[in-house]
Structures are given as structure tokens and as C-alpha cells.
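Fold and contact review
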Amino acid sequence: TQLLEQSPQFLSIQEGENLTVYCNSSSVFSSLQWYRQEPGEGPVLLVTVVTGGEVKKLKRLTFQFGDARKDSSLHITAAQPGDTGLYLCAEPLSGGYNKLIFGAGTRLAVHP
Amino acid sequence: GAVVSQHPSRVICKSGTSVKIECRSLDFQATTMFWYRQFPKQSLMLMATSNEGSKATYEQGVEKDKFLINHASLTLSTLTVTSAHPEDSSFYICSASRAGLNTEAFFGQGTRLTVV
């Protein structure tokens, strides 16, 4: 089973700062998903990246998939307190997007 | 609105008792659902695949007799934690997807189990 490494593990920043979190593996990802989870709730899908070199944007969030499909990053511009949460990368298994292996997550706190 | 619902959201039980957690897909049929477990400040760990009309498939290290899974209908999977112990205290989350290749997995809101 592939291991997904996320960094940093924790991130505490002030409102308005930019940040980047990373997801890496020694093996090639079939595809990669990013989720955000708030305390006491299930994770919510942010994006799925499939093609090496792909860049997707979701408002202030920019997702990149490495050319070799072994790494991905999530960049947040001008972070807001509402961005606080646990950011998880996940690799779908078994040819679909249903069965997922998750990285350890990056816990982000954005302070006003 | 939510498309996958879990119940209960929180439960406290005594050691040695069993607890059942329900996962329902609200507006679609799901032949397969997944159960995850999340310890505090950790990530989600896949426990098992719930298959409608057949036995669940468990991940390595997950005791099938401890975590009973039943998927009796196309919209309902249940996870029963049997003879619960304090170390079973955790956040349990299910997911389900609509039929088709590469469809999004929707997660339930999770169930916080505390065994005292």
C-alpha cells in the first residue's frame, strides 16, 4: 500500500498570509484528491487531479499535481479564519474514487 | 445538503456493550460503502469495505468479529462495535458513492464513540 506523506503536519498563521502544504509519495499516484475536514465532521472533497502537471484553482486555493505524478501541493492565498481545518490528500484505490488511502493531514489554524 | 447521513453523531457506552452505527445514502443507491476510523488529531484509516448483499472486506489488522458490518440494503450499511472497550473510542466515518466509474465519495458526518 502506498504511503502518502504530508507536510507540514501543523501550520499556524495569521489572516492574510499565504501558505503551501505538500503531499508526496515514492510511487506514482493514479490520481490524487484533496479534502478539507472540520472538527466533528466528515471530509469534504476539494479537488481531484489526474494529469501530471495539472493545475486547478478553487477561489483562493491552487492545486498542483507534479509532472511525474508523485507529488502535489495546495497553495492558499490570503488565508482567512474560515480556512482553518484539517487538509488531507488521498489516493483513490481500486480504479475508482471510492476507496481511499489518506495522508496524515496538515492541520491549519488561521488566526484573525 | 448532505447526501450521506450517519447516526448517531455521538454515543457513549459502557465497556463490554455493543454499539451500532448507521450509514445511509440519502438520494442514491450505493452497492459499496466504506468505513473509516479516525483517532484524535490523526488521519482517516480505512477499516473495511461494505458490500451490499455479501460479506464485508476488512483491511489488514481490523478484527472482523469486533467490527461487524452489515449492508442489507442499497442505502444502508451498519457498523457494530461489539464488546466495546475504551481503546475503541474513536471517530468513525462512512462514505458512499453513486454508481459509475470515478464518482465522488461522499462522507457522512461521522460518529464520535466514547467507551467508558
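Cut-off values and rules
Residues numbered from 1 in each chain as written. Chains lettered and ligands numbered in written order. Predicted model: local features only at pLDDT ≥ 70, side-chain atom pairs only at ≥ 80, totals over all residues. Heavy atoms only, no water. Contact = heavy atoms within 4.5 Å. Buried area = accessible area lost by both parts, 1.4 Å probe. Salt bridge = Lys/Arg side-chain N within 4 Å of Asp/Glu carboxyl O. Polar contact = N/O pair within 3.5 Å; in protein donor to acceptor, adjacent residues only side chain to side chain. Helix = DSSP H or I, 4+ residues; strand = E, 2+ residues; numbered from the N terminus. Nonpolar A, V, L, I, M, F, W, Y, C, P; charged D, E, K, R; others polar. Disulfide = S-S within 2.5 Å. Buried < 20%, exposed > 50% of the residue type's maximum accessible area, 1.4 Å probe, protein only. Core = buried A, V, L, I, M, F, W, Y, C linked by side-chain atoms within 4.5 Å. Pairing = 2+ DSSP bridges. Axes fitted to C-alpha atoms, helices over the stretch in contact; angles between N-to-C directions.

1. Overview of the interface of chain A and chain B
A common way to express how large an interface is: the accessible area buried when the components associate. Listed as interface residues are 19 residues of chain A and, on the opposing side, 22 residues of chain B. Summed over both sides, the interface between chain A and chain B buries roughly 1,600 Å², with carbon and sulfur atoms accounting for 57% of that surface. Where chain A packs against chain B, one counts 1 salt bridge. Note that Glu59 of chain B and Lys99 of chain A form a salt bridge whose closest N and O atoms lie 3.5 Å from each other. On inspection of chain A and its partner chain B, the count reaches 3 residue pairs in polar contact (both at pLDDT 80 or more). Every element with two or more residues in the side of chain A that touches chain B is listed here: strand S4 (32-37), strand S9 (85-93) and strand S10 (99-102) of chain A. A breakdown of the residues in the side of chain A that touches chain B according to their chemical character gives 9 nonpolar, 7 polar and 3 charged.

2. What to know about the state of the cysteines
Residues and elements named next belong to chain B. Tallying each qualifying case throughout the model produces 2 disulfides over all chains. Residue Cys23 pairs covalently with Cys94 via a disulfide, S to S 1.9 Å. Disulfide Cys23 to Cys94: torsion about the S-S bond roughly 80°, handedness right-handed. Of the two residues, Cys23 sits in strand S3 (residues 19-25) while Cys94 sits in strand S9 (residues 90-97), which places them 71 residues apart along the sequence. Assessed through its relative accessible area of 0%, Cys23 is described here as buried.

3. What to know about the nonpolar core
Counting 24 residues, the largest nonpolar core has Val4, Trp35, Leu79, Tyr92 and Leu113 of chain B as its most contacted members. Taken together, the elements giving at least two residues each to this core come down to strand S2 (10-13), S3, strand S4 (32-38), strand S5 (44-51), strand S7 (67-73), strand S8 (76-81), S9 and strand S11 (111-115) of chain B. Residues contacting Leu79 of chain B, with those up to four places away along its chain left out, are Val19, Lys20, Ile21, Trp35, Phe67, Leu68, Ile69 and Tyr92 of chain B. Val21, Ala79, Cys89 and Ile101 of chain A belong to the second-largest nonpolar core, a separate cluster that totals 22 residues.

4. Description of the sheet that holds S7 of chain B
All names here are of chain B. Read from one edge of the open sheet, 4 strands run S1-S3-S8-S7, paired in antiparallel fashion. The sheet terminates laterally at strand S1 (4-7) and S7, the two strands that pair on one side only. Each adjacent strand pair in this sheet contributes to an overall mean axis angle of 15°, direction not counted. Sheet topology note: the S3/S8 ladder contains 6 bridges and is antiparallel.

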